[in-house]
Amino acid sequence: MEKTQNDDIRESSPWLTLEEAAIYLRLFDKDGNPNVSYLYKHASSRLIKPYKLGKFNRDRREDLDALLLKGER
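1. Observations regarding the nonpolar core
If you look at the biggest cluster of nonpolar residues, it comprises 12 residues: L16, L18, A21, A22, Y24, L25, L27, V36, L39, I48, L64 and L67. Secondary structure elements with two or more residues in this core: α2 (18-24) and α4 (61-72). Tallying contributions element by element places α2 first for this core, with four residues. Apart from residues no more than four positions distant in its own chain, L27 is found in contact with A22, N33, P34, N35 and Y38.

As C-alpha cells, then:
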C-alpha cells in the first residue's frame, strides 16, 4: 500500500501548520489545495486555539480531533 502525504502528517509532530491541519482534516478547495479558511473561521470563533511557535501559528492535533468529535454529536 502506498504512503500518502496525509499518512506522513499523522505520524509526525503533534504541532501542525495551517496547511497540514487542513490536510489532516481533509479540507480541500475545488482545485485540490488545502483549504485553510475553515481553520481561520474556527480560530476566530475560538473553537480552535492556534498556538504561536516562533513567528508561526500551529494547531495541536488533539484540538483538531476534539473539534471533529464535537461535530459528531
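2. Some remarks on the environment of N57
As for its position among the elements, N57 is in strand β3 (residues 56-60). Expressed as a C-alpha distance, the spacing of N57 and L16, which sit 41 residues apart in the sequence, is 8.6 Å. Setting aside anything within four residues of it in sequence, one finds N57 in contact with L16, T17, P50, Y51 and K52.

3. Focus: unusual backbone geometry
Only a minority of non-glycine residues have a phi that is not negative, and only a minority of peptide bonds are not trans. A positive phi angle, close to 60°, is found at R26, a residue other than glycine. Its relative accessible area of 54% is what places R26 among the exposed residues.

4. What to know about the pattern of salt bridges
Counted under the stated rule, the structure contains two salt bridges. The partner of E62 in a salt bridge is R60, and the shortest N-O contact between them spans 3.1 Å. Residue R60 is joined to D63 by a salt bridge in which the shortest nitrogen-to-oxygen separation is 2.9 Å. Exposure remark for D63: the relative accessible area of 17% places this residue in the buried category. One network of salt bridges, with partners in common, ties together R60, E62 and D63.

Thresholds applied
- Residues numbered from 1 in each chain as written.
- Predicted model: local features only at pLDDT ≥ 70, side-chain atom pairs only at ≥ 80, totals over all residues.
- Heavy atoms only, no water.
- Core = buried A, V, L, I, M, F, W, Y, C linked by side-chain atoms within 4.5 Å.
- Buried < 20%, exposed > 50% of the residue type's maximum accessible area, 1.4 Å probe, protein only.
- Helix = DSSP H or I, 4+ residues; strand = E, 2+ residues; numbered from the N terminus.
- Contact = heavy atoms within 4.5 Å.
- Salt bridge = Lys/Arg side-chain N within 4 Å of Asp/Glu carboxyl O.

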